[in-house]
Amino acid sequence: MSLPGLYHTAHRDAILQRSRPKGSPIGHCLGARHAIPAAAMNRLDSHLAAALARIDAAGQRRTLRPAALAPHGRVLREGRELTDFSSNDYLGLARHPLLIERAREWTAAHGTGSGASRLVTGTSEAHLALEARIAAFKGTEAALIFASGWQANAAVIPALLAAMPGAAVFTDRLIHASMHAGIAMAGVRQHRFRHNDLDHLETLLAEKGKDAPARLILTESVFSMDGDRADMRRLAALAEAHHAALFVDEAHATGVLGPEGRGLSAEVPGAIDLIMGTFSKALGGFGAYIAGSRVLIDYLVNAASGFIFTTAPPPGVLGAIDAALDLVPGMEAERAHLAALGTRLRTGLAALGLDHGASSTQIVPAVIGAEADAMALSARLEDAGFLASAIRPPTVPPGTSRLRIALRAGHAEADIDALLAAIGAAL
Ligand SMILES: Cc1ncc(COP(=O)(O)O)c(C=O)c1O
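Per an unreviewed UniProt entry, the protein goes by the name 8-amino-7-ketopelargonate synthase and belongs to Novosphingobium beihaiensis. UniProt, in its Subunit (unreviewed entry) section for the protein, records the words "Homodimer." Entered under Pathway (unreviewed entry) in the UniProt record, the comment concerning the protein runs "Cofactor biosynthesis; biotin biosynthesis."

A. Region of interest: the overall build of the protein. The helix and strand tally for the protein stands at 15 helices and 14 strands. Rg of the C-alpha trace for the protein: 23 Å, near the compact-globule value of 22 Å for 427 residues, within the 12% margin. By its C-alpha atoms, the protein is 70 × 55 × 50 Å across when sized along the principal axes. Per-residue burial for the protein yields a buried fraction of 49% across its 427 residues. Of the contacts formed within the protein by residues at least 6 apart in sequence, a portion of 71% connects residues at least 24 apart. For the protein, the accessible area works out to roughly 19100 Å², and carbon and sulfur atoms hold 58% of it.

B. Seen up close, empty space enclosed by the protein. Evaluated as defined, the whole model comprises one cavity of 30 Å³ or more. Roughly 60 Å³ of internal volume is contained in the largest cavity. What lines the largest cavity is Ser117, Arg118, Ile145, Phe146, Ala147, Gly306, Phe307, Thr310, Thr311, Ala312 and Pro313. Considering only residue class, the lining of the largest cavity consists of six nonpolar, four polar and one charged.

C. Spotlight on the site of the ligand. Residues in contact with the ligand amount to 15 residues; listed here are only the nearest, Gly149, Asp249, His252, Ser280 and Lys281. Here a nitrogen atom of the ligand and a side-chain polar atom of Asp249 are 2.6 Å apart. Measuring from an oxygen atom of the ligand, one finds a side-chain N or O atom of Lys281 at 3.2 Å. Coverage of the ligand by the protein chains reaches 83% of its 390 Å² of free accessible surface. According to the grid-proximity analysis, the pocket containing the ligand is the largest pocket.

D. Expanded view of the confidence of the model for the protein. For the protein, the mean per-residue pLDDT works out to 91, and 90% of the residues sit at or above 70. Contacts of residues 1–33 to residues separated by more than four positions or lying in other chains number 34 contacts, the stretch itself having pLDDT below 50. Here the complex is predicted with pTM 0.90, and the ipTM for its interfaces comes to 0.99.

E. The sheet that holds strand E3 (residues 80–84), seen in detail. The strand order across the open sheet built from four strands is E1-E2-E3-E12, with neighbouring strands paired in mixed fashion. The outermost strands of the open sheet, each flanked by one partner alone, are strand E1 (67–70) and strand E12 (386–387). Sheet analysis places E1 next to strand E2 (residues 74–77), joined by four bridges and oriented antiparallel. Opposite Leu69, over in E2, you have Val75 as the bridge partner.

F. Structural view of unusual backbone geometry. Between Pro393 and the following residue, Pro394, the backbone shows a cis peptide bond with an omega angle of 10 degrees. Structurally, Pro394 can be placed in the loop between strand E13 (390–391) and strand E14 (401–406). For Asn196, which is not glycine, the phi torsion reads 55 degrees and is therefore positive. Within the element layout of this structure, Asn196 appears in the loop between strand E6 (190–193) and helix H8 (198–208). One non-glycine residue, His243, lies in positive phi territory at about 50 degrees.

G. Geometry of the layout of surface pockets. Within this model, the largest pocket holds a volume of roughly 1400 Å³. Elements with a contribution of two residues or more to the lining of the largest pocket: E1, E2, helix H6 (149–162), strand E9 (274–278), helix H14 (371–383) and E13. Of the residues forming the lining of the largest pocket, the biggest block, four residues, is contributed by H14. Counted as a void, the second largest pocket has a volume near 450 Å³. What lines the second largest pocket is a set of 25 residues, and nearest its centre among them are Ala244, Gly270, Ala271, Ile272 and Asp273.

Here is what the cut-offs are and how they apply
Residues numbered from 1 in each chain as written. Predicted model: local features only at pLDDT ≥ 70, side-chain atom pairs only at ≥ 80, totals over all residues. Heavy atoms only, no water. UniProt positions renumbered as here; feature names shortened; annotations may be inferred. Helix = DSSP H or I, 4+ residues; strand = E, 2+ residues; numbered from the N terminus. Rg over C-alpha atoms; globule rule 2.2 N^0.38 Å. Buried < 20%, exposed > 50% of the residue type's maximum accessible area, 1.4 Å probe, protein only. Contact = heavy atoms within 4.5 Å. Areas by Shrake-Rupley, 256 points an atom, 1.4 Å probe, with all protein chains shown as cover. 1 Å grid on protein atoms, 1.4 Å probe; cavity = no way out; pocket = protein on both sides within 12 Å on 5 of 7 lines; lining within 4 Å. Points joined across faces, edges and corners; volume = space filled by probe spheres on them. Nonpolar A, V, L, I, M, F, W, Y, C, P; charged D, E, K, R; others polar. Near = heavy atom within 4 Å. Polar contact = N/O pair within 3.5 Å; in protein donor to acceptor, adjacent residues only side chain to side chain. Sits in = over half its atoms within 2 Å of the grid points. pLDDT = per-residue confidence, 0-100. Pairing = 2+ DSSP bridges.

As structure tokens, this is what we get:
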């Protein structure tokens, strides 16, 4: 399978075998008028198979495995129930009856699709009402919904930079891939500061930002693979002192941290120019928001291609978000439980001699180092009934492969103790 030629032939034949009508020869699977010439398949698949072989050779091949979230911090994976330490359903809302019911109601009332981009047919009242709720939740003038967090970052950053020609861009070394995608799309060079090292950011702002016509700082409030927090107050002060715009991704803080789950941006009201967050993690649904000034949102409606040229999120998705916003402010007990579980887990990992970095949230890395070791540990844990996925380069820097342990409010203390015992045994 790892030989490109063999892989190509076997894979192509398997696909054609599945799609062609009984008895028709490969290459004519869509009927005579739509025949797929074998040469055309070769032209694409041979390149892709070679690229896959390179990924294989680097030991970085990823595959999709069937799984489904289950209650009480569990996941069903390939017929087995595992204790789930890998999904981001931190508050357990993805299967909450109120979200399911509201998604059903809004689907029944408004249909399964929204028909077009919001600029083409006009926008639904539901989108506008929800955006007003999000702006109130985040304490900003306005908000805009995007189809996903990846899409929001990848679409908004180039739009911002188009309005800030020549801007110097400063990024934390560990920002999410979607922000890198946005910066790459803008074709702009970034000045990367060491992770959460705001002295380094200050130096770079002074050195590289001084003569630029504008400055933009991009970071996360809770880092997705490390579970540590950025210092919002100092970032806000640096942005102010250097007249830089501040963009903060709150994907993993929304719902979990800050007063009423409003995120870490709530520590510095009005000081962050653009807050991005997702509905796909603690809020148990799908999609993302940008919150900020009215001018920001009006501009994005006119300039963010991932908003303009895409169909609006459907009513069912909006219904689930609406229900999550009803529940999240009151989920203090779940937030406190997650915090206590995090402390328990970090204490236990340290006792096992494992590095959990600077985590202080519901995301706790157990840094292993070599990819193969992290993969082997994750596999042993899966055998023992725990899903704690190994995260490896390019998602994290080389030499820092880890288990990324994500806590869910449905976990009991006994689940943490059982995981720690299994890690101890596996090591
Ligand atoms: C920090 C960060 N930003 C953005 C995203 C993308 O969000 P979504 O999953 O909604 O596309 C993620 C999710 O992986 C993330 O961790």
